[in-house]
Amino acid sequence: MSEVGRTEERVMPAGSMGWQPAAIAEKVAVCGAYLELVATTPELLEVARRALYALALSAGQRVLEVGCGTGVFLPLLAAAVGMEGSVVGIDHSPDFVAQARERVAALGIAETVEVREGDAYRLPFPDGSFDAVHCERVLMHLDDPTAALREMHRVLRPGGHVVAVEPDWRAMQIDHPDFETMRLLMDRFAETFRNPAMGRELCRCFAEAGFVERRIAPVFFGATDIADIAKFGLDFSESEAALVASGHVTRERAQSALTYLVEASRDGTFFGFGGMFVESAQAQSDCAPL
Ligand SMILES: C[S@@+](CC[C@H](N)C(=O)[O-])C[C@H]1O[C@@H](n2cnc3c(N)ncnc32)[C@H](O)[C@@H]1O
């Protein structure tokens, strides 16, 4: 991204509205390409490595991926549980379910991996039917993340592991001489997500959902080019327009602030950082077994 905030074409639909089935259907190629791209970044590979470790999977287990998208994580889960195990991915987007099924078929793992259309609030499975549940960058888009976590708790066997990975857009910081304008732009962008601070809220939501043995691992990343943050969907176009329209900042000041980001990236003075949180826990062992 060369001109942050003035891109003609979005990398992805910004914010939580972009991950509703109808919005995905409108931009399925863009959304799918975005998921593929970010999954290969060092940042998300590191998060995936930690999540997989925390899931503590072993051969023969049954694992559920909630909000599997195009299924980038499904092959890793399949490898961890082996031919004796089974993996189920669910997503509320029929387009993503179709893409995930294609991926699974192309990789020859359809015998162990099933992909179904489903809603995180109403998981179509009996109580206690999984050994582990994984969920990445989904809770931040939900109206009621705790309700979705309760569902994950319900379908887990007693003592089963859950792992959720979420960012905290409100914790993102960018060094900028016009701190005030930068803060306004970032706060406005964060508001496009239903739960912009989901990462830091995981501990509380996990506790409310009844999970025990909770552990949280913050994973922070630094960037010396605005493009390295923009690839995760950061886009100030809407923020700039809204703040100018509401009179919070003049157009000139907003544009100058955004131009600085690009120039600082070019001359090597840009620095920003942000974080993802990997929360792991276990279902209570006094829950009704299957
Ligand atoms: C940012 S994408 C992440 C996809 C995938 N977890 C990954 O890491 O590539 C968010 C996903 O959550 C799904 N999603 C959002 N709300 C959902 C819901 N209520 N039930 C099921 N899936 C949902 C979207 O369709 C989308 O695939």
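The preceding data block contains the structure.
My aim in this report is to walk through the structure given alongside it, one point at a time.

What counts, and where the lines are drawn
Residues numbered from 1 in each chain as written. Predicted model: local features only at pLDDT ≥ 70, side-chain atom pairs only at ≥ 80, totals over all residues. Heavy atoms only, no water. Near = heavy atom within 4 Å. Polar contact = N/O pair within 3.5 Å; in protein donor to acceptor, adjacent residues only side chain to side chain. Areas by Shrake-Rupley, 256 points an atom, 1.4 Å probe, with all protein chains shown as cover. Nonpolar A, V, L, I, M, F, W, Y, C, P; charged D, E, K, R; others polar. Core = buried A, V, L, I, M, F, W, Y, C linked by side-chain atoms within 4.5 Å. Buried < 20%, exposed > 50% of the residue type's maximum accessible area, 1.4 Å probe, protein only. Helix = DSSP H or I, 4+ residues; strand = E, 2+ residues; numbered from the N terminus. Contact = heavy atoms within 4.5 Å. Salt bridge = Lys/Arg side-chain N within 4 Å of Asp/Glu carboxyl O.

Looking at the site of the ligand
Here's step 1: In the vicinity of the ligand there are 20 residues, among which G67, D91, A120, E136 and R137 approach most closely.
Here's step 2: D119 is positioned such that a nitrogen or oxygen atom in its side chain is 3.0 Å from a nitrogen atom of the ligand.
Here's step 3: For the ligand, the accessible surface in isolation is 590 Å², of which the surrounding protein chains cover 97%.
Here's step 4: Class assignment for the residues of the shell around the ligand results in nine nonpolar, six polar and five charged.

Some points on the nonpolar core
Here's step 1: Residues L64, L139 and M152 are the most contacted members of the largest nonpolar core, which totals 89 residues.
Here's step 2: Looking at which element gives the most residues to this core, the answer is helix α3 (residues 42–55), with six residues.
Here's step 3: For L64, the residues in contact, after removing those within four places along its chain, are V88, I90, L123, F125, F130, A132, V133, H134 and V155.

A few points about the environment of E114
Here's step 1: Relative to the helices and strands, E114 resides in strand β3 (residues 113–117).
Here's step 2: Judged by its relative accessible area of 36%, E114 is partly exposed.
Here's step 3: Sequence separation between E114 and L185 is 71 residues; the distance between their C-alpha atoms is 41 Å.
Here's step 4: When residues no more than four places from it in sequence are discounted, the contact partners of E114 are V87, V88 and G89.

Brief notes about the pattern of salt bridges
Here's step 1: Under the counting rule described, the total for this entry stands at 18 salt bridges.
Here's step 2: Its salt-bridge partner being E238, residue R188 comes within 2.8 Å of it at the nearest N-O pair. Residue R188 is found in helix α7 (residues 179–190), and its partner E238 is found in helix α10 (residues 237–245); the two are separated by 50 residues along the sequence.
Here's step 3: A salt bridge links D228 to K231; its shortest N-O distance comes to 3.9 Å.
Here's step 4: Since its relative accessible area comes to 31%, D228 is described here as partly exposed.
Here's step 5: Via salt bridges that share partners, E43, D228 and K231 belong to a single interconnected network.

Nothing here speaks to function; it is all geometry.
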